[in-house]
Structures are given as structure tokens and as C-alpha cells.
Amino acid sequence: MSDETESAKEHELYSQRLEKAGRWRLLGANPFGNGFRPADLAGDIARKHASDGAEQLEASRPGYSVAGRVVALRSFGKAAFLKLRDRSGELQIHVKKDVLGGRRDRNKITDMGDFVGVKGTLFRSKTGELTLAATEYLPLTKALRAPPEKWHGLADVEMRYRQRYLDLVSNPEVKEVFLRRTALVRYLREFLDTRGYVEVETPMMHSLVSGAAARPFTTHHNALDISLFLRIAPELYLKRLVVGGIERVYEINRNFRNEGISTRHNPEFTMLEWYRAYATYEDMMAETEEMISGAAERVTGSLKISYQGQVIDFAPPWPRLPMAQAVRQAFPSLTEADLKDADRLRAEIGPKLPESERRHLDALGPGAMLAVLFEHGVEPRLVQPTFVTEFPTEISPLARRNDQRPEIADRFELFIVGREIANGFSELNDPLDQKGRFEAQVEAKRRGAVETMDYDEDYIRALEHGMPPTGGEGLGVDRLAMLLTDAPSIRDVILFPLLKPEKR
RNA sequence: GGGAGCGUAGCUCAAUUGGCAGAGCAAUGGACUCUUAAUCCAUAGGUUGUGGGUUCGAUUCCCUCCGCUCUCACCA
């Protein structure tokens, strides 16, 4: 540790452990050695013998070898109990001087956090705990830094995110959260795979901004000397694949959006997008109900979960709520005709918003204004799973127009605990209409809007070759993981959330 | 960027109206061959985030800056 910013105390603790590593070497053990191959797993042993009595074990004396991190250490000078943790769980180890003979000092130079390998026989201690009595005790890796406080664990929020490895060691429940997230992703893949969807990987570096309303990160390719954008969505590439005949296709991967960080936003986040030829947005809603309720059941064991004190019931079917209807319920003074009048809507919501937000309203048309009223008046109240339907076409540049009412799109969003979890629609496969929508986006960008899409000529060309009628959807995997793990912040379900670089 | 809060030993936290900066864990030395946050004795560990101000005296009150958390905005 050559860091100048370290305190004298840190240096002292580090030096002590480094010195002990040297003592390991004197005893013939490499403090960073390799080659010990445990035959068994601590947690498996504990489970296998959970109901075995002391006499039974005394008679059979089953032998095992395990390796793991020392997470508890109680020394008695000539004997010690320590607790070993490996990927399967924990097991207590008993080390005795008279058994280890000449190597007895090894337990004296073991610290919390070290990795050791142990061979021994199983017995029950006087207090009844299943314990492996060491016949061999081998230091494997010296931890040169001490773990966090053993009782309270690591509490500093920043340190937990920045040094996630310590968080995982110190707060065992954190590992459960991430295992559950992994189980969720595995379930999503399985769900789609069994329905004939093909998983693909499309570019993350785009030369155009497309597929969502967001500001991109910019990067640069040296050899080609071109600017590239980290993708904000894979949407247009996936639909090109539907054009190409991959009629059911999905991708689970990262999107990058250059925006603020909050408990619900990380600049890189995981999105599932899936597309299904010959499906409508209504089919997608049905599939979403099946997928998410199935995920809840698989991952939590129940269709009813508790999220931050609220009970969420995933049992389908979920209500379909047209946006205009929802807004009229929330703002009873508005008439049917008012909903098509941008100025009337502005007058309704404007005074309730802070100045910083109000000035963004001026350029918005009636569809976008309706969405603003929805976001403020309705969204936070949608606690139970709810599909909001009949989105204005104005804010849905990639979605198919409704046949009867061209001002609305065949689109829905799924809300749970006031958050958008998924967004799906019948895809716009009319290249002429799509052209016009892109042009409107370009025009908006020219007027100064920042979160608009570029005109994608190749995508238009693809549509001109013919895309079958298709339903598509995007689902925020992190946000769903939050719900299913009862996590208050998106940072709790992302192993390494974006942080400012550490000041040195 | 706005607002609120926080910053004390390696970790988790105390410190009365502004009056000598403390505890537990971890560490070091010692005792202890059945512990479960082991126990007991002893030791060491601090520029109270930074810089300034008020005061006889500041962890405490005021200001600057830095960092973090929450929140609003941006954004799904």
C-alpha cells in the first residue's frame, strides 16, 4: 500500500497483516498460494448433517475438506473456533494445538478475512453446533486489509456501492438480492426461449440516435475518425431483424442514457426488448402479464409481494386504463374537448409546476401536454400493475397509429408503484408514416429539443422492404428487479452503479 | 443546477447551555482447549472533512470550499 492518503492507522493495520503473511511463509505456507482443492462445500455439509446427533457423528466421524473465508474467529490460545464461508454457506471449524502439532501456530496468525483450507472430521460441539475438527489447516490467502466491523457490517452507503466486494462480504443479504436478480434474468430468457424467441446482440455503438427519447453519450472511433453514440435503445436494429425474417427476437442488454442519477435511474441500465411478428400491442400486454406474474412467482415464490411496505398483487389480468380517461379523472374540470387543446392543458397544469419545468411546456402540442398531465396527476397513483393505453401519437414516433383514431397510437405502458416498468406497442411498419415521424423529430431537434431521434434512412429502407405486422416491447430489468427484491434504490440491484471517480 | 441533511479512531457510533474527545468492534501484549457479537487484564490508536471567523475557550455557533445521502429538476 503506497498510497500517500492513507492514515497512519491504516498503515499500521496493513503492516501488521503483511508481517503475518511473512510468518505464514516461515511456516511453509504461501500466503497467496494455490493448489488446495476442497472436496466439499461448507453449506452442503451443514445441510447434509443438519439432523445428525452428537453420538451418531462420534460413531461415524465423517471426513471432509473445505476452503473459504474466515468470517468469525474465537481463539482460546491453544484452541480456536472459526467460521468458514464458501459459496454454499458457512461451517464452523475447530482448531486444536495438540492435533495440529508443529503447525499449531497457524491459527494464531489467521485474521478475520483470510482464506484457509481445512481437512477434518465432523462432530457436534458442546453447544450443539456442527463443527469440523481440523486435522489439517492450511492458510490459502492472506487478507492484507481488515474486513468491516463484524456486528454492524458496512453501513456507509457510498462505500457499499464503491467497494461492492466488501458489501457482499459484510452484508450477506446483498448477495441474496443479486442472486435473485440473476434468477429473474434467467427466467426472462427461459420464458422467451420457450416461446420461440431468438436472443441476439445488436450494436451498442450507433452512428445515429434512435429508438427512444433520451440524450446519448458520445464517443469516438479513431481509425474511422467518426463520432459514435452509445445506444439509447436497440429498437430499430431488432426490428430490422424482424424484416429479415427473425419473427420472434429479443435482446437483454445495457442501454446508456446521458441523464441524471436518481433512485430510479442509472446512466447504464439493463433493458429487455422483444418483438413478435403477427402480434398486436394487446397481445403484448397479455404476454407481459404472463411474463411478469410468472417472474414474481418464480423469483419470490408468490404472486403477492411486499414492496417498501406496500402489497403488490401480480395476479392477472391487470386493468387497462386509457390515458385520456385517467387524466380526466385526475383533473375533473377538464372536458373531452379540453384534452385536445394544448393551451387549455397548459393552463391546467402550468401553475402547479415549478418555473424550471413550466418553461419546457411552451413548445408542446396537445398530445405531449396530455402526457405531462398524466405524469403529474396519474402516474404516482398507479401502485398496482396497470396498463395505460391510448398514448398520443405525437409522443410515440415508432408506434402504429390507431386505425379509428390516428391521433392515438396502439401503445401501452405498464406502471407499478408509480413507475414505468414496460413500454410496448404495435410497431409502425408503414415506411411513409415512419418517414413523416422522423421528419417531425428532426424538426423538433432543429427547434432545440435535445431528446429527439435522428432520421434513420436505412431503417426506412428496411421498412420499405416490408416488416410484417409486429408487436414490440421494452422492459426495464433493473426496475423489475427492484420490485422483486424490495430494493428502494436502483443502485441496490446494480452491482457497480455509476459513481463519481474516487478523489485521491 | 435548486432544496434538506450528514461528515468525530480502521469500522459502527456517543459527547449536556460553548468547558480536558469517549465507547464497542477491529488491532497489539497477556490469561484461557467447546466458543456463538466468547470472556478477562493491559496497551496503542484522533489536525473532530477543509480553510477562515466569533469566543478566554469551538466536535458544538457563523461563513467558504470539498465529499456523501435524500429530494426536486433533467430524464422513463
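Residues numbered from 1 in each chain as written. Chains lettered and ligands numbered in written order. Predicted model: local features only at pLDDT ≥ 70, side-chain atom pairs only at ≥ 80, totals over all residues. Heavy atoms only, no water.

Focus on the confidence of the model for chain A
Next, step 1: Taken residue by residue, chain A gives an average pLDDT of 90. The fraction at 70 or more is 95%.
Next, step 2: Both confidence scores are given for the complex: pTM 0.92, ipTM 0.87. (pLDDT = per-residue confidence, 0-100.)

Quick notes on the protein's contact with RNA strand B
Next, step 1: Around RNA strand B, the structure places 51 residues, and the nearest of them are Q16, K126, T127, A213 and E259.
Next, step 2: Per the 4 Å cut-off to the protein, sugar and phosphate atoms form 57% of the nearby atoms of RNA strand B.
Next, step 3: Within the contact set of RNA strand B, a sugar or linking oxygen lies 3.1 Å away from a backbone nitrogen or oxygen of E149.
Next, step 4: One of the side-chain nitrogen or oxygen atoms of E420 is found 2.4 Å away from a base nitrogen of RNA strand B.
Next, step 5: The set of elements that each furnish at least two residues to the surface near RNA strand B consists of helix 1 (8–26), strand 1 (63–75), strand 2 (79–86), strand 3 (89–96), helix 5 (157–162) and helix 12 (355–358).
Next, step 6: Element by element, the count of residues in the surface near RNA strand B is highest for helix 1, at five residues.
Next, step 7: Class assignment for the residues of the surface near RNA strand B results in 11 nonpolar, 14 polar and 26 charged. (Near = heavy atom within 4 Å. Polar contact = N/O pair within 3.5 Å; in protein donor to acceptor, adjacent residues only side chain to side chain. Helix = DSSP H or I, 4+ residues; strand = E, 2+ residues; numbered from the N terminus. Nonpolar A, V, L, I, M, F, W, Y, C, P; charged D, E, K, R; others polar.)

Topic: the side chain of S293
Next, step 1: With respect to the secondary-structure elements, S293 resides in helix 9 (residues 281–300).
Next, step 2: Among residues more than four places away in sequence, those in contact with S293 are T288, L303, F314, P316 and W318. (Contact = heavy atoms within 4.5 Å.)

Details of the pattern of salt bridges
Next, step 1: For the coordinates displayed, the defined rule picks out 39 salt bridges.
Next, step 2: Residue R298 is joined to E190 by a salt bridge in which the shortest nitrogen-to-oxygen separation is 2.7 Å. Of this pair, R298 sits in helix 9 while E190 sits in helix 7 (residues 172–193), and the two are 108 residues apart along the sequence.
Next, step 3: Residue classification places R298 among the partly exposed residues on the basis of a relative accessible area of 44%.
Next, step 4: Between K239 and E235 there is a salt bridge, with the nearest N and O atoms lying 2.9 Å from each other. Of this pair, K239 and E235 are both found in helix 8 (residues 235–243), four residues apart, which corresponds to roughly one turn of the helix. Here the two residues K239 and E235 agree in accessibility, since each one is buried. (Salt bridge = Lys/Arg side-chain N within 4 Å of Asp/Glu carboxyl O. Buried < 20%, exposed > 50% of the residue type's maximum accessible area, 1.4 Å probe, protein only.)

Here we look at the sheet that holds strand 3
Next, step 1: Ordered in space as 1-2-3-5-4, the five strands form a closed barrel in which the pairing is mixed. Neighbour-to-neighbour, the strand axes of the sheet open up by a mean angle of 55°, direction not taken into account.
Next, step 2: Of the pairings in the sheet, the one linking strand 4 (residues 115–124) to strand 5 (residues 130–141) comprises 10 bridges and is antiparallel in character. For T121, the partnering residue across the bridge sits in strand 5 and is A133. (Pairing = 2+ DSSP bridges. Axes fitted to C-alpha atoms, helices over the stretch in contact; angles between N-to-C directions.)

What to know about the side chain of T270
Next, step 1: Take T270: it is sitting in strand 11 (residues 268–277).
Next, step 2: A distance of 3.2 Å separates the side chain of T270 from the side chain of R181, its partner in a polar contact.
Next, step 3: For T270, the residues in contact, after removing those within four places along its chain, are R181, I252, N253, R254, L475, G476, V477 and D478.

Section: the packing of aromatic side chains
Next, step 1: As enumerated under the stated definition, the model contains eight aromatic pairs in all.
Next, step 2: Note on F374 and F415: the rings are 5.4 Å apart at their centroids and 65° apart in plane angle, and the pair reads as edge-to-face. In this pair, F374 is assigned in helix 13 (residues 366–377) and F415 in strand 16 (residues 408–416), connecting sequence segments 41 residues apart. Both residues of the pair, F374 and F415, belong to the buried class.
Next, step 3: A cation sits over an aromatic face here: R195 above F191, 3.5 Å from the ring centre.
Next, step 4: Positioned over the ring face of Y237 is R240, at 4.8 Å from the centre of the ring. (Phe/Tyr/Trp six-rings, centres within 6.5 Å; stacked < 30°, edge-to-face > 60°. Lys NZ or Arg CZ within 6 Å of the ring centre and 35° of its normal.)

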